[in-house]
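Descriptive structure summary
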Amino acid sequence: MSRIVVLGAGLGGVIMAYELKDKIGGKNEIVVVNQGSTYTFVPSNPWVAVGWREPSEISVDLTKIFSDRNIGLRPEGARRLHAHESRLELNDGSFLDYDHLIIATGPDLAFDEVPGLGPNGHTQSVCQTDHAARAKLAFDALVKAPGPVVVGAAAGASCFGPAYEFAFILDAALRKARTRDRVPMTFVSPEPYVGHLGLDGVGDTKGLLESALREHHIKWITNARISKVEAGRMAVEEVNEDGSLKTEHDLPFAFSMVLPAFRGVPAVAGIEGLTNPRGFILIDEHQRNPAFPNIFAVGVCVAIPPVGKTPLPVGVPKTGFMIESMVTATAENIVAVMDGKAPHARASWNAVCLADFGDGGIAFVAQPQIPPRNVNWSAQGAWVHAAKVGFERYFLHKIRQGVSETFYENAALSLLGIKKLKNLN
């Protein structure tokens, strides 16, 4: 009997636990370590920030679900990984040994890298549901006293989709409140061009997003480095292609939401052979760490090199379906290792994304997510918003039912030719 520990109960961690349970049955122990016992559907956080969702509507208490599936839950959270000893030190001072560890922590939010950035500074965030709930209070104040808005991402960010989504969702919410005409909006991003998304674009995301920003009267600044934020003012440095200073912008704001750069969580950061300098987990083609063969990693915590050279640091996003493909490959490979075989499964890293704009949106499919690609497609329309709502309900249903995938999901993805594992033949 082996003990498999999953560190983190976000999208990757919860689905990882369900999929492992399906594959190894009751013969082995599965334990999930997380800070708390609640799963939240992070893609809905922008809706929380404008009052279209309550936090309780996108949150799931995992205690009974895990208990019913005979999955252990340690809600104390991890203080430090002792990789050489194959054990986790938990925040209550206890230790948890493991035979195999899957790291699915998500990121540490590096607000401190820009003075004044973040919920403890002068800008809002939708990275966590509690952040989004605080942003809702600031949104209410904006509706009562309209003024300039700045939305975007800091240099080093690696998840630009939610920044674009929130800009358009905020635009839609202000139009519904009949105050949009008194709210000039500016989008700031370290991307070299609008729609780069950390992926050098997908299909015509550059043209689609530039057009959408124009149609919604949102100005933009790319190659933008936020140097500091003070109450009601943001200092932004726009750089040239060689990284030299081009222009300085002093942007006033009554409301601002900026995504920070990501880094690895403190529990794993700085372990030689396990992480890169930013604290992200190093993996091979089988999601396995080369230095510690009993450690695998999935999701945002995984180290992925940037896509091409950019004047400012621009990370690579890890989208939902891409993470699920990592999960399936990892589950297959852990089963193989436990059977005394070599890992063989490789995640497709295909991406299927729905970027909601409140009353429309942009969808894209990238196979794989990292170029060059076999499929490189994007489209827009009101149907995207409806699809995002439907996906939210479906995914939360999966979490509450304790399943990693359904027959209908597999049938739909197979019909579209979208797979989680690479065909190695």
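Our subject in this report is the structure included herewith. Model, not experiment: these values are computed from the prediction.

Focus on the side chain of N289
Among the structural elements, N289 can be located in the loop between β18 (262–263) and β19 (295–297). Within the structure, the side chain of N289 is placed 2.8 Å from the backbone oxygen of L282, a separation counted as a polar contact. A distance of 3.1 Å separates a polar side-chain atom of N289 from the backbone nitrogen of A291. Residues in contact with N289, not counting those within four places in the same chain, are G273, L274, L282, I283 and I295.

What to know about helix α1 (residues 11–24)
Here α1 spans 20 Å end to end across 14 residues, near enough to the 20 Å set by a 1.5 Å rise per residue. Judged by how many residues are buried, α1 sits mostly within the fold: 11 of 14 residues are covered. Within α1, the full set of buried residues consists of G12, G13, V14, I15, M16, A17, Y18, E19, L20, K21 and I24. One or two residues past the end of α1 sits G25, with phi positive at roughly 55 degrees.

So, unusual backbone geometry
Cis geometry marks the peptide bond from Q367 to P368; its omega dihedral reads -5 degrees. The amide bond that connects P371 to the next residue, P372, takes the cis arrangement and shows omega of 0 degrees. As for its position among the elements, P372 is in the loop between β21 (361–367) and β22 (375–380). The phi dihedral of R178 falls on the positive side, at around 65 degrees, and the residue is not glycine. Following the sequence through the fold, R178 ends up in the loop between α5 (161–176) and β12 (185–188). On the basis of relative accessible area, R178 is assigned to the exposed category, the value being 69%. We note that Q287 has phi near 70 degrees; this positive angle belongs to a residue other than glycine. Under the relative-accessibility criterion, Q287 is labelled buried at 1%.

A short note on the packing of aromatic side chains
One pass over the full model with this rule turns up 8 aromatic pairs. Their ring planes at 35 degrees and their centres at 5.7 Å tell us that F41 and F395 sit as a pair that is tilted. Here F395 lies in helix α8 (residues 383–401) and F41 lies in the loop between β3 (38–40) and α2 (45–49), a separation of 354 residues in the sequence. We note that F41, like F395, is buried. An aromatic cluster is defined as three or more aromatic residues linked by ring pairs; in this entry it consists of Y39, F41, F391 and F395. The ring of F280 carries K318 above its face, with NZ or CZ at 5.0 Å from the centroid.

With respect to the pattern of salt bridges
Tallied over the entire structure, the rule returns 27 salt bridges. Of the charged contacts in the structure, one is a salt bridge between K64 and D68, with a shortest N-O distance of 2.8 Å. Of the two residues, K64 and D68 both sit in helix α3 (residues 63–68), 4 residues apart, roughly one turn of that helix. Under the relative-accessibility criterion, D68 is labelled exposed at 56%. Here E210 and R214 are joined by a salt bridge, their closest N and O atoms 3.7 Å apart. Remark: R214 and E210 occur in helix α6 (residues 205–215); sequence separation between them is 4 residues, near one turn of the helix. Note on E210: relative accessible area 15%, which makes it buried. Residue class for R214 comes out exposed when judged on its relative accessible area of 51%. Taken together, the shared-partner salt bridges connect D108, D112, E113, R263 and R278 into one network.

Points about the sheet that holds β19
Read across the open sheet, the 5 strands follow the order β5-β2-β1-β9-β19; overall the sheet is parallel. The sheet terminates laterally at β5 (72–74) and β19, the two strands that pair on one side only. On average, adjacent strands in this sheet sit at an angle of 20 degrees to one another, irrespective of strand direction. As paired elements, strand β1 (residues 3–7) and strand β9 (residues 100–103) share 4 bridges and run parallel to each other. Across the sheet, V6 pairs through a bridge with I102, a residue of β9. Each of β1, β9 and β19 is contacted by helix α7 (residues 320–338), which is oriented at about 165 degrees to β19, the strand it contacts most.

Scoring rules and cut-offs
Residues numbered from 1 in each chain as written. Predicted model: local features only at pLDDT ≥ 70, side-chain atom pairs only at ≥ 80, totals over all residues. Heavy atoms only, no water. Helix = DSSP H or I, 4+ residues; strand = E, 2+ residues; numbered from the N terminus. Polar contact = N/O pair within 3.5 Å; in protein donor to acceptor, adjacent residues only side chain to side chain. Contact = heavy atoms within 4.5 Å. Expected span 1.5 Å × (residues − 1). Buried < 20%, exposed > 50% of the residue type's maximum accessible area, 1.4 Å probe, protein only. Phe/Tyr/Trp six-rings, centres within 6.5 Å; stacked < 30°, edge-to-face > 60°. Lys NZ or Arg CZ within 6 Å of the ring centre and 35° of its normal. Salt bridge = Lys/Arg side-chain N within 4 Å of Asp/Glu carboxyl O. Pairing = 2+ DSSP bridges. Axes fitted to C-alpha atoms, helices over the stretch in contact; angles between N-to-C directions.

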